[in-house]
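Overview (structure and organization)
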Amino acid sequence: MTYLKNMNVCRYSYKFGLLLSVVSLNTNIIYCIHHPTGSKLNFTNITMSTVHIHPSRKDNYPSTEYPGLTNEFQMEHAKKVEEVRSVLKEVGEDTLKALLMIDAVQRLGIDYHFHGEIEAVLERLYTKFNMSDCHNDLYELALGFRLLRQEGYYVSADVFNNLKDKEGKVQGKISRDIEGLMGLYEASQLSIKGEDILEEMGNFSSQLLNAWNTNDDQSQARIVRNTLGHPHHKSLARFMAKSFLSYFQGTEGWINVFKELAKMDFNLVKSIHQKEIRQVSKWWKDLGLAKELKFARNQPLKWYMWPLAVLPHPSLSEQRVELTKPISLVYIIDDIFDVHGTLDELTLFTEAVNRWEYEAVEPLPDYMKTCFNALNGITNEISSKVYKDYGWNPIDSLRKSWAILWNAFLVEARWFSVGHVPKTDEYLKNGIISSGVHVVLVHMFFLLGHGITKRNVDIVDDFPGIISSAATILRLWDDLGSAKDENQEGHDGSYLDCYMKENPGTSIENARCHVMHYISETWKLLNWQCLPPNPFSSCFTKACLNVARMVPLMYSYDGNQCLPSLEENMKSLV
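Rules used throughout
- Numbers given to residues run from 1 along each chain, matching the order in which its sequence is written.
- Only residues with pLDDT of at least 70 are given local features in this predicted model, and only at 80 or more are side-chain atom pairs given and counted; all residues enter the totals for whole chains, interfaces and linings.
- Computation of side-chain values covers all heavy atoms of the structure but excludes hydrogens and water.
- Helix and strand assignments follow DSSP, with helices taken as H or I runs no shorter than four residues and strands as E runs no shorter than two, numbered in order from the N terminus.
- Residue exposure ignores everything except the shown protein chains as possible cover, and the areas themselves are Shrake-Rupley values with a 1.4 Å probe.
- Think of a salt bridge as a Lys or Arg side-chain nitrogen and an Asp or Glu carboxyl oxygen that are within 4 Å of each other.
- The buried label applies to any residue whose accessible area, calculated with a 1.4 Å probe on protein chains only, is under 20% of its type's maximum; exposed applies above 50%, and partly exposed to all values in between.
- Only buried Ala, Val, Leu, Ile, Met, Phe, Trp, Tyr and Cys residues count toward a nonpolar core, and they belong to the same one when joined by side-chain atoms within 4.5 Å.
- Only rings of Phe, Tyr and Trp enter the pairing, Trp through its six-membered ring, and a pair is recorded when the two centres are within 6.5 Å. The plane angle decides the type: under 30 degrees is stacked, over 60 is edge-to-face, the rest tilted.
- Whenever a pair of cysteine sulfur atoms sits within 2.5 Å, that pair is classed as a disulfide.
- Note on method: axes are straight lines fitted to C-alpha atoms, helices fitted across the in-contact stretch only, with angles between N-to-C directions ranging 0 to 180 degrees.
- Oblique is the label for any angle not under 35 degrees, not over 145, and not in the 65 to 115 range, which are roughly parallel, roughly antiparallel and roughly perpendicular in turn.
- In this description, contact between two residues means that some pair of their heavy atoms is separated by no more than 4.5 Å.
- Classification convention: Asp, Glu, Lys, Arg as charged; Ala, Val, Leu, Ile, Met, Phe, Trp, Tyr, Cys, Pro as nonpolar; all other residues, Gly among them, as polar.

Regarding the overall build of the chain
Of regular secondary structure, the chain possesses 26 helices and zero strands. As presented, the chain carries roughly 23500 Å² of accessible surface, and 50% of it is formed by carbon and sulfur atoms.

Description of the pattern of salt bridges
Summed over all chains, the structure comprises 27 salt bridges. Salt-bridge contacts for lysine 80 lead to glutamate 260; the nearest nitrogen and oxygen are separated by 2.7 Å. In this pair, lysine 80 sits in helix 3 (residues 71-89) while glutamate 260 sits in helix 11 (residues 253-287), placing the two residues 180 residues apart along the sequence. By relative accessible area, which is 9% here, lysine 80 ends up buried. By relative accessible area, glutamate 260 is classed as partly exposed at 37%. Ionic pairing is found between glutamate 357 and arginine 355, a salt bridge with its closest N-O pair at 3.0 Å. Overall, arginine 355 belongs to the partly exposed group, its relative accessible area being 38%.

Points about helix 10 (residues 237-247)
The element helix 10 is extensively covered by neighbouring structure, given that eight of its eleven residues are classed as buried. For helix 10, the set of buried residues is Arg238, Phe239, Met240, Ala241, Lys242, Ser243, Phe244 and Leu245.

Let's talk about unusual backbone geometry
Put simply, proline 532 and proline 533 share a cis peptide bond, and its omega is 0°. Looking at the element boundaries, proline 533 is found in the loop between helix 24 (508-530) and helix 25 (538-554). Positive phi values are uncommon outside glycine, yet tryptophan 356 reaches one of about 50°. As for its placement among the helices and strands, tryptophan 356 is situated in the loop between helix 15 (343-355) and helix 16 (358-361). Exposure remark for tryptophan 356: the relative accessible area of 10% places this residue in the buried category.

Digging into the nonpolar core
Counting residues in each nonpolar core, the largest one holds 104 residues, and the members touching the most others are Trp306, Trp402 and Phe540. A per-element tally of this core places helix 25 first, with eleven residues.

Looking at the packing of aromatic side chains
Enumeration according to the criterion identifies 20 aromatic pairs in this entry. Residues tryptophan 284 and tryptophan 303 carry aromatic rings whose centres are separated by 5.0 Å and whose planes lie at 85° to one another, so their mutual orientation is edge-to-face. Here the residue tryptophan 284 occupies a position in helix 11, and tryptophan 303 occupies one in helix 13 (residues 300-310), the gap between them amounting to 19 residues. An identical accessibility class is assigned to tryptophan 284 and tryptophan 303; each is buried. The interplanar angle of 35° and the centroid separation of 5.3 Å between the aromatic rings of phenylalanine 337 and phenylalanine 409 together place this pair among those described as tilted. One end of the pair, phenylalanine 337, is in helix 14 (residues 317-340); the other, phenylalanine 409, is in helix 18 (residues 395-417), and 72 residues separate them in sequence. Comparing phenylalanine 337 with phenylalanine 409, the two get one shared label, buried.

Some points on the state of the cysteines
Here the structure, examined in full by the defined rule, presents zero disulfides. Of all cysteine sulfurs, the one in cysteine 544 lies closest to cysteine 539, which takes part in no disulfide; the gap is 10.0 Å. Given the relative accessible area of 6%, cysteine 539 is considered buried. No disulfide involves cysteine 544; its sulfur sits 6.7 Å from the nearest other cysteine sulfur, which is in cysteine 530.

Here's the deal with the packing of helix 19 (residues 424-434) against helix 22 (residues 465-479)
Where helix 19 meets helix 22, the axes come as close as 8 Å, and the angle between the chain directions of the two elements is 100°. Taken together, helix 19 and helix 22 sit at an angle that is classed as roughly perpendicular. Judged by residue contacts, Tyr427, Leu428, Gly431, Ile432 and Ser434 of helix 19 engage Ser468, Ala471, Thr472, Arg475, Leu476 and Asp479 from helix 22. Split into classes, the residues belonging to the contact of helix 19 with helix 22 amount to five nonpolar, four polar and two charged.

So this is what it looks like as structure tokens:
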């Protein structure tokens, strides 16, 4: 472990990389996300200037264009990519150094350039793990386990049994290794159901790290708090990259090379995002729903942040723009059901979508006809595009997914109309559908074009577990109550209400603890569903994970009905 002793500076900077604060480079961007009762997004204020889940499956990405950047800059960027590639290839047998490099490129958001190199390193590491090698250092063990698991390599959690003595107690020396404990806590976030040892280690590290918060070293305590609150596996790497870059320091030469590429890459990717925002803005304005449906939300930039987070690979620009369209309709339809439509109107509306015939649309009020026309146009447009690109017409799947969503919205509207508070199981079964996650991910599946077969289409249509788990996390986070700060004053209930009625005498604090535990257990299920074998591409699998990662940013409103964390990231990324 000679190298380990010489890596203190770099390892210390790794810990700082967990900090969440992001400072915008563009002071001319002004955002504040409100419900339509508040101010709306103003695009004129904008000044324009990957988890590889299945190691053996390759996703084919289109070439990437970088608008607004000189050829000289792009050539320099390509040169820097090759420099980093050489560093990764030459890392040799130094396990810790290799792990630190992989962790760094992932946290900096530049790993998409180096899937082959990362896979080669992890293949070697996987063999060592199976031979019980590199288990001498807690930090190295925890980091290696996490990187392998999140890349789709199944390694047994039993490797952590080595941290116990003969009496089955955790070795005392571990409790003094704060960095190792943070790595252990990070590793525990990839646990699956039944892994008692990993859950035990997660609780053990969490307790000691929480106790460390009282330490006089405030900077260290802040790092610990951010590790506990925002572990890497449950955070969005691209949203955290600038923060990590700010604290990524060390004397090793490769660190500066990585930083230089990350800074250049940030500008390249940002130019793509700005182009996409212009496209989304024009599409939304031309669609005209904001003028026709003044009661509904008008937040195209917020809606675009979903595909930006879920599909971070720069080459997926067209898919991000197209995916924003069904996402926007989910929000609009939710407002129609929640704040505007009568039950009779909503019943006719649902029947029209199930039949998908203009004869069924005729009895509807004008605002619903406008919405249906937009829905039909977007569905036909995306279907035509998918058929042209991949030779499969998804129109039946897309229409079916919309009908399922409408039916779920109508169930909730009927519950409200008669004052019915359903049982928690009944509510959640319907609520994961009304979250809109399924309809969005069905569209995304076809827009990506990876693995479109009859078998996979049937799986996607039938609400597979990987989608259901992501939807469950979204629904429960939404229902924790923070979304009520959005001033919607609508008809939707919440899981908390159902739980407290079902369990008389339960305090709101205990109910919230129950929901948080439910979310934690659902994450374990999602972790398992992402491991191979599964029928989906690594890009689609990663996207399902990213939905769950994005949820806290989308549903953490402050007292001013804004999303401060999301807004800060928007300023940084676009």
